[in-house]
Amino acid sequence: MDSGLSEEETAAVFRDRYCVAEDKISLLLETCRNQRFLTSEPAGRTVGVYIGIPFCPTRCLYCSFASNQATEGAMQRYLEALLREIDAAGERLGDLGVKPESIYVGGGTPTSLSAASLERLLSRVTERFDLSGLKEFCVEAGRPDTITEEKLRVMERFGVDRVSINPQTMNEETLQAIGRSHRVSDVREAFSMVKRSGIRYINADLIAGLPGEDYEMFRGTLEQVIGLEPDNITVHTLAVKRASRLREQNENYHYENARGVGRMVSDAREILAKAGYHPYYMYRQKHMAGNYENVSYALAGSESVYNIRIMDEHQTIVALGAGGISKAYYPDRNRLVRVPNVTNFEIYIERLDEMIGRKEKDLYGPFLEQN
């Protein structure tokens, strides 16, 4: 389409050259159409900023992310190191005249931090970065049992306008099976707390293909979450990654559950469309059940800029913290250079100066060239 093909001609390429199914062609075109309507090219001296908090109350059965159960002392040591990296990145971007377009605090579960620690983190972010051009400030609060009114007040005070609450399922038995420490009632209470706060947008994540769940259970989850009225709903297809406990239990799980997942993700699109949600970004991962996809649906006007940019890969991303992967984007050459931090949070603390040095060496090149 960027080269001038119409939607019909683009569909023919998918159909004739790549043998893509008609329903997937329709999904791709609708998603592309919505993205093009929503976003222009990112401004030349803007970045997306990702800040990683690699801690969770428990580790989910399917999880392969940098996620740890840690003592308060360990989390404080990590926070001290992270604040130093924020200082270094903020100073360098300020010197270069670069502003964050979006900030995403992810994990893990950032709301695993205490309210006081969350305040220290968000205070430092607002001090060190020029937020005059900020379009979006999101904090992931994936585990509903980690959300408190005090933490929400802290977020609101520092300008957070989006929170992610990730039920994954609304079935009590599944929550127990996948290793989550909360109940369905905690999900409902978390939504109520955020809606009572001044935070404008709520994202919610669901997973199709969780162990022990059939189509009716997934559909029930979807309908219950729609009833909670989040602004964005992302339907993930379960991916069985090497580092997950689920792969240890059954490395062929994603093959064995392909057919059932297909109906889940297909019907989800129809159900969400009837409720007023439209797809606006999508992506795939390895080892997904049935080789399906992850799709985020939004109510009009609530789409996440960061989510689009991180998948589109036409903007430099500054990723801070353990497990963060920064991406330097060179628009003139359409080139992307990955600049990773180490994943283990204790090694990150030990090698913090090296992480800062990696960014100095490889991340800021696009803006130095513009100078």
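Anyway, here's the lowdown on the structure attached to this text. (Residues numbered from 1 in each chain as written. Predicted model: local features only at pLDDT ≥ 70, side-chain atom pairs only at ≥ 80, totals over all residues. Heavy atoms only, no water.)

## A look at the side chain of N166
So, point 1. Looking at the element boundaries, N166 is found in strand β4 (residues 162-168).
So, point 2. The class of N166 is buried, set by a relative accessible area of 6%.
So, point 3. Of the polar contacts made by the side chain of N166, one reaches the backbone nitrogen of D205; its length is 3.4 Å.
So, point 4. Not counting residues within four places of it along the chain, the set of residues in contact with N166 comprises E140, A141, G142, R180, N203, A204 and D205. (Helix = DSSP H or I, 4+ residues; strand = E, 2+ residues; numbered from the N terminus. Buried < 20%, exposed > 50% of the residue type's maximum accessible area, 1.4 Å probe, protein only. Polar contact = N/O pair within 3.5 Å; in protein donor to acceptor, adjacent residues only side chain to side chain. Contact = heavy atoms within 4.5 Å.)

## A closer look at the pairing of strand β10 (residues 325-330)
So, point 1. The buried fraction of β10 amounts to 5 of the 6 residues, a majority that puts the element mostly inside the structure.
So, point 2. Across 6 bridges, β10 lies against strand β11 (residues 335-340) in antiparallel orientation. In the strand pairing of β11, Y329 is matched with L336. (Pairing = 2+ DSSP bridges.)

## Section: the packing of helix α1 (residues 7-18) against helix α2 (residues 22-38)
So, point 1. One can describe the packing of α1 onto α2 by two numbers: an axis separation of 10 Å at closest approach and a directional angle of 140°. When the axes of α1 and α2 are compared, the pair comes out oblique. Two packed elements cross with a definite hand, and for α1 against α2 that hand is right-handed. Here E7, T10, A11, F14 and R15 of α1 come into contact with α2, specifically with E22, I25, L28, L29 and R33.
So, point 2. Looking at the contact of α1 with α2, its residues break down into 5 nonpolar, 1 polar and 4 charged. (Axes fitted to C-alpha atoms, helices over the stretch in contact; angles between N-to-C directions. Parallel < 35°, antiparallel > 145°, perpendicular 65-115°, else oblique. Left-handed = near helix turned anticlockwise from the far one by under 90°. Nonpolar A, V, L, I, M, F, W, Y, C, P; charged D, E, K, R; others polar.)

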